[in-house]
Amino acid sequence: MPIRRFGAHKSLVSHSQTPKLSYGYSKMNVSKSGYRVFSANSTTACTELAKKITERLGVELGKSVVYQESNRETRVDVKESVRGQDIFIIQTIPRDVNTAIMELLVMAYALKTSCAKNIIGVIPYFPYSKQCKMRKRGSIVCKLLASMLAKAGLTHIITMDLHQKEIQGFFSFPVDNLRASPYLIQYIQEEIPDYRNAVIVAKSPSAAKRAQSYAERLRLGLAVIHGEAQCSESDMADGRHSPPAARTTSGHTGLELPCSRHQAPFPGIELPIMMAKEKPPITVVGDVGGRIAIIVDDIIDDVEDFVAAAEILKERGAYKIYIMATHGLLSAEAPRLIEESAIDEVVVTNTVPHEVQKLQCPKIKTVDVSMILAEAIRRIHNGESMAYLFRNITVDD
């Protein structure tokens, strides 16, 4: 009896044929797409970190040209195809912060219009991270920068030790905030003699959580400096003293509210008396006598506060003073001030180029973090978990 065939079943259709799109083009196999690593810097000193990362990854740095025209406009030319690939843009921030930001934005948009699959920004030090809170009539510039990066085409960011972890909420795409503390802790254990006799110091109460995280992992004591000079704020310009005091006039002009000497200018509105802020005298909470003091922070830029803290610790009996920070901006006269201060050594990572400062001050030492950045790139491209890079990292770190 002949077998009746009602048509081919789905399981009988050959899977070896590549599905076709319109105009006869084959569907691109995105699972086998490669990746490229580019540097968005126009200065040679800022490409050193990118070269170290690509050497660890075993790939070549992407071919591109980033330069400033005679009218100071930024121009980016990508010299190879990036269609359908994961693109990583490494951007270290030099002294000219705004130019570096513009270079990153222009390159990201150029890669977006070149049909890159994903554009991941590797920004070890995120600029404007200190401007992440509203102050008086200012603006949250960090939020503005996050919106600009998203608009330019970035789909992911790898950074390190954000000034405030809440900055991650400014972005509409994933942010991996890596930590440099494992490398700095390793430096303490290997390069500081008799580190067991050290104490971790927070130069302000706001840095106490970070210092506690270091102290717990190193099994060391903790000290906090309280009462150091803070940035002065003008209370006269933010409206705290409005409404203004009543003016004494001989007659009522009709343009002012009448008020007597004992009557408030606006009846029914009574505000509590604002007590003026008074900075307490500098004190050190914790014992640092006869010990090595290690001050930890995320950024070292203007070093006046660190120099003042070192003098206080010397007065309290500390015989050696180290400073550990992730981002060594070291602006203005920082190298000279460090060289002339009681600080014995300043240890920073290479998230920001500071070779010139090292020539001016031999106390500045560098820790390389290119390994963790390269591993983050590899894991993101392969779709692997990032949890391994955050092992033994506390929430407060």
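Reading the values: the criteria
Residues numbered from 1 in each chain as written. Predicted model: local features only at pLDDT ≥ 70, side-chain atom pairs only at ≥ 80, totals over all residues. Heavy atoms only, no water. Helix = DSSP H or I, 4+ residues; strand = E, 2+ residues; numbered from the N terminus. Expected span 1.5 Å × (residues − 1). Buried < 20%, exposed > 50% of the residue type's maximum accessible area, 1.4 Å probe, protein only. Contact = heavy atoms within 4.5 Å. Core = buried A, V, L, I, M, F, W, Y, C linked by side-chain atoms within 4.5 Å. Salt bridge = Lys/Arg side-chain N within 4 Å of Asp/Glu carboxyl O. Pairing = 2+ DSSP bridges. Axes fitted to C-alpha atoms, helices over the stretch in contact; angles between N-to-C directions. Right-handed = clockwise from strand over helix to strand, strands pointing away. Phe/Tyr/Trp six-rings, centres within 6.5 Å; stacked < 30°, edge-to-face > 60°. Parallel < 35°, antiparallel > 145°, perpendicular 65-115°, else oblique. Left-handed = near helix turned anticlockwise from the far one by under 90°. Nonpolar A, V, L, I, M, F, W, Y, C, P; charged D, E, K, R; others polar.

## Side note on helix α2 (residues 97-113)
And step 1. The terminal C-alpha atoms of α2, which comprises 17 residues, lie 25 Å apart, in line with the 24 Å expected from a rise of 1.5 Å per residue.
And step 2. The set of residues buried in α2 consists of Thr99, Ala100, Ile101, Glu103, Leu104, Leu105, Met107, Ala108, Ala110 and Leu111.
And step 3. Of the surrounding elements, those touching the buried residues of α2 are β1 (35-39), β2 (64-68), β3 (74-78), β4 (86-90), β5 (118-123) and α3 (141-152).
And step 4. Following α2 by one or two positions, Cys115 adopts a phi angle in the positive range, close to 70 degrees.

## Notes on the nonpolar core
In globular proteins that are soluble, nonpolar side chains generally tend to be buried together.
And step 1. Core analysis: the largest hydrophobic core is formed by 48 residues, its most contacted members being Ile158, Leu178, Ile200, Ile294, Met324 and Leu373.
And step 2. It is helix α9 (residues 370-382) that provides the largest number of residues to this core, a total of 6 residues.
And step 3. Excluding residues within four positions of it along the chain, Met324 makes contact with Leu184, Tyr187, Ile188, Ile192, Ile294, Ile295, Val296, Asp297 and Val347.
And step 4. In terms of nonpolar packing, the next biggest core, distinct from the first, is built from 31 residues, Val66, Val82, Ile89 and Ala108 among them.

## With respect to the pattern of salt bridges
And step 1. Enumeration over the complete set of coordinates arrives at 12 salt bridges.
And step 2. Arg336 is the salt-bridge partner of Glu333, the closest N and O atoms lying 3.1 Å from each other.
And step 3. Given the relative accessible area of 44%, Glu333 is considered partly exposed.
And step 4. Here Arg336 falls in the partly exposed class, since its relative accessible area comes to 39%.
And step 5. Between Arg336 and Glu340 there is a salt bridge whose closest N-O contact spans 3.3 Å.

## Examining the sheet that holds strand β6 (residues 156-160)
And step 1. Reading across the sheet, the 5 strands line up as β1-β4-β5-β6-β7 and stay open at both edges, with parallel pairing between neighbours. Where the open sheet ends on each side, the last strands, each with one partner, are β1 and β7 (175-178). Direction aside, neighbouring strands of the sheet carry axes that sit 15 degrees apart on average.
And step 2. When β5 meets β6, the two strands line up parallel, connected through 4 bridges. Looking across to β6, one finds that Gly121 is bridged to Ile157.

## Some words on the pairing of β2
It is a general feature of regular strands that their side chains alternate between the two faces of the sheet.
And step 1. As defined by bridge partners, β2 adjoins β3 across 5 bridges and the pair is classed as antiparallel. In the strand pairing of β3, Val65 is matched with Asp77.

## Some thoughts on the pairing of strand β14 (residues 364-367)
And step 1. The pairing of strand β13 (residues 345-349) with β14 spans 4 bridges and is parallel. Of the residues in β14, the one forming a bridge with Thr349 is Val367.
And step 2. Read as a crossover between parallel neighbours, the route from β13 over helix α8 (residues 355-360) to β14 is right-handed.

## Description of the packing of aromatic side chains
And step 1. Applying the stated criterion to the full structure yields 3 aromatic pairs.
And step 2. Between Tyr35 and Phe88 the ring centres are 6.0 Å apart and the planes differ by 90 degrees, which places this aromatic pair in the edge-to-face class. One end of the pair, Tyr35, is in strand β1; the other, Phe88, is in strand β4, with 53 residues separating them in the sequence.
And step 3. Looking at Tyr35, the relative accessible area reads 18%, which means it is buried.

## Description of α9
And step 1. The end-to-end C-alpha distance of α9 is 18 Å, a good match for the 18 Å that 13 residues give at a rise of 1.5 Å each.
And step 2. Within α9, burial applies to Ser370, Ile372, Leu373, Ala374, Ala376, Ile377, Arg379 and Ile380.
And step 3. A positive backbone phi angle near 75 degrees is found at Gly383, which sits one or two residues after α9.

## Things to note about the sheet that holds strand β11 (residues 292-300)
And step 1. Taken in spatial order, the 7 strands of this open sheet run β10-β9-β8-β11-β12-β13-β14, and their pairing is mixed. The open sheet has two edge strands, β10 (283-285) and β14, and neither has a second partner. The mean inter-strand angle of the sheet, taken between neighbouring strand axes irrespective of direction, is 25 degrees.
And step 2. Packed on one face of the sheet, helix α6 (residues 304-315) meets β8 (198-202), β9 (221-226), β10, β11 and β12 (320-328) and runs near 170 degrees to β11.

## Thoughts on the packing of helix α1 (residues 48-57) against α9
For any two helices packed against each other, the geometry comes down to the angle between their axes and how far apart the axes lie.
And step 1. In the contact formed by α1 and α9, the axes pass within 9 Å of each other and the chain directions differ by 60 degrees. Relative to α9, the element α1 lies oblique. Where α1 crosses over α9, the handedness of that crossing is right-handed. Listed contacts from α9 to Leu49, Lys52, Ile53, Arg56 and Leu57 of α1 are Ser370, Met371, Leu373, Ala374, Ile377 and Arg378.
And step 2. In terms of residue class, the contact of α1 with α9 is made up of 7 nonpolar, 1 polar and 3 charged.

## Notes on the environment of Tyr125
And step 1. In this fold, Tyr125 is placed in the loop between β5 and α3.
And step 2. Sequence separation of Tyr125 and Thr351 is 226 residues, and the distance between their C-alpha atoms is 5.9 Å.

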